[in-house]
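Per-entry structural report
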Amino acid sequence: MSSKYQIFSDNEWIYPDSVITARNSANLYAARGSDVCFQVLCDLALAGSETVAYECMGLECEPVVYQLLPAHVGMNSDAKLFTTTDYESVKHFVTRRAPFDVYEVTRPLDDGTLVKGRAAFYIRLNIAPDAAPGQYNGSLTIKIAGEPLELPISLKIYQTTIPPLSDTDFHMVNWIYYDKLAEQHNTELWSDSYRELLGKYFENQLDMRNDYLMIPSGVPVRDGDGKVVDFDFANAEYVGNMALEYGFKYIMGGFVARFQQWDNDEQFLLWDREIGITTIEGYRQLKTYFTRAWECVEKNGWRDRYMQCLVDEPQFPNSLSYRALSCICRKLMPGVKINDPVETTEIAGALDVWAVKQAVYEKHIDKFRQLQDLGEVLWLYTCGFPAGATMNRILDLPLTVSRLPMWLCYKYNAPGFLHWGYHLHNPETWDETCYRVGDNRMYPAGNSFVVYPGDGRPWYSVRGHSQRAGAYDYELFNQLGQRDRNKAIELIEKVCRGFDDYDPSSERFDTVRHELLEALG
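Described in the following lines is the structure provided in the data block. (Residues numbered from 1 in each chain as written. Predicted model: local features only at pLDDT ≥ 70, side-chain atom pairs only at ≥ 80, totals over all residues. Heavy atoms only, no water.)

**Remarks on the environment of Gly 498**
- The topology assignment puts Gly 498 in strand β28 (residues 496-498).
- We classify Gly 498 as buried; its relative accessible area is 7%.
- Between the alpha carbons of Gly 498 and Arg 369 there is a distance of 15 Å; along the sequence they are 129 residues apart.
- In this structure Gly 498 touches Glu 362, Met 391, Leu 408 and Tyr 412, once residues within four positions along its chain are discounted. (Helix = DSSP H or I, 4+ residues; strand = E, 2+ residues; numbered from the N terminus. Buried < 20%, exposed > 50% of the residue type's maximum accessible area, 1.4 Å probe, protein only. Contact = heavy atoms within 4.5 Å.)

See below:
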């Protein structure tokens, strides 16, 4: 093909107006049982409906090619909270002035055609667990309307092997909003077509290395006066059994309570927001809820693969009421493990897995380390706040910070990562990636999702691919750390010292990741 092209790292953003320079080959390094990715940008304008096919020669891998499509960033991330139109106040940490488009959607090419736009591709090379280690020099040829685009590739496969998801010690969860999923795909909730759709999302989650899944909460059953008299766990049972069939390691029961304001000293029932959990009526309803939940667990044989979530982000002021809620849960669900995202250090013993917000962990790092020394299991999570340059999966931050949180999970002895935003979109989907919350707030671009609602299935975002790659990186650091933890930390700190202290460049990232693989061999 006579058109110009350029190969880019999978750790740098490319844009519809990116200028092609001179880098025309891919130099890649991979562990067995993982994958390695790169991006390609051409100067070819597609009219739409051109045929596409591809084949790989001389490489020990299975290629998957996606068409890159642009997503729109309408506002920049704010320095302190959510979003802003004041570029001057944030230009020191964002990648571009909003509004702008960025290649972020990876569209599968199963139908053998391309859609209109500048030709751009995301390439994933899957390396089998039993691939022969060694240096391979070959090519990937993409045929567009019969015209070949040949991409030279140098691929080194290392002896090191990433464990399968079933054997990993690193865990991830991204929440699914089951009703929103049906709306996004115009599918009736809990229908046969919905089950098929949900299965495709489960496959994507597992491929992304998510091995935990939050299932729906029980649904309150009310009498004619509106009083809660029972709870229905049919939806939870439906999703839970399906998730375990697909291969998730743990399922997690949905939340039951939350504060009304962050500085409340009480937690309130999610389905009756005026009823505190420490009241007699609160206890009556919780007793019914947890009794029914445990019956569902026992009936389905989930005991060894089930955890209960209680509250999303308990705070310092309501830590005592969280403890009370935990006591009620443990009394009625004997032996259950509790897993929650938290923003307090004052609930030791009340839960089994703490998923701690990155900024909260670093602010109270001495106390959290004391808890870890006592045997408490801590994960890390990122969400819409804090804003600014803090590592997060945001479209106007450097792409490396979608992957680096998993490096810090290793550094901070946190064997798990959580993010709330897996698939929440505005109605216009990727035409406005800042998710609206109420009339006056919009989350930073991309914070609410890492997949797009495609043709009856999720389409990976570039950041979603980065999250998967970050999980592989954790496994590599973990393997090196078993030999020499100091060496592993030394490599991490060449790129990032903390969530606000990191080198954003893809070149630096790629160099250190190569050093990591070389150290493992």
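Once you've had a look at it, read on.
**Focus on the sheet that holds strand β9 (residues 117-126)**
- Here we have five strands laid out as an open sheet, ordered β1-β3-β9-β5-β8, and antiparallel in their pairing. Each end of this open sheet is capped by a strand with a single partner; those strands are β1 (5-9) and β8 (100-108). On average, each strand axis in the sheet is inclined to that of its neighbour by 30°, with strand direction left out of account.
- Of the strand pairs in this sheet, β1 and strand β3 (residues 35-46) are connected by five bridges, and their pairing is antiparallel. Looking across to β3, one finds that Tyr 5 is bridged to Cys 42.
- Against the sheet, helix α9 (residues 462-493) touches β3, β5 (62-73), β8 and β9, its axis set at about 70° to β8. (Pairing = 2+ DSSP bridges. Axes fitted to C-alpha atoms, helices over the stretch in contact; angles between N-to-C directions.)

**Points about the pairing of strand β21 (residues 353-357)**
- Most of β21 sits out of view: five of its five residues are buried.
- Taking every second residue as pointing to the same face, both faces of β21 are buried, with Val 353, Ala 355 and Lys 357 on one and Trp 354 and Val 356 on the other.
- As judged from the four bridges shared by strand β20 (residues 337-342) and β21, these two strands associate in the parallel manner. Looking across to β21, one finds that Asp 340 is bridged to Trp 354.

That is the geometry; function is a separate question.
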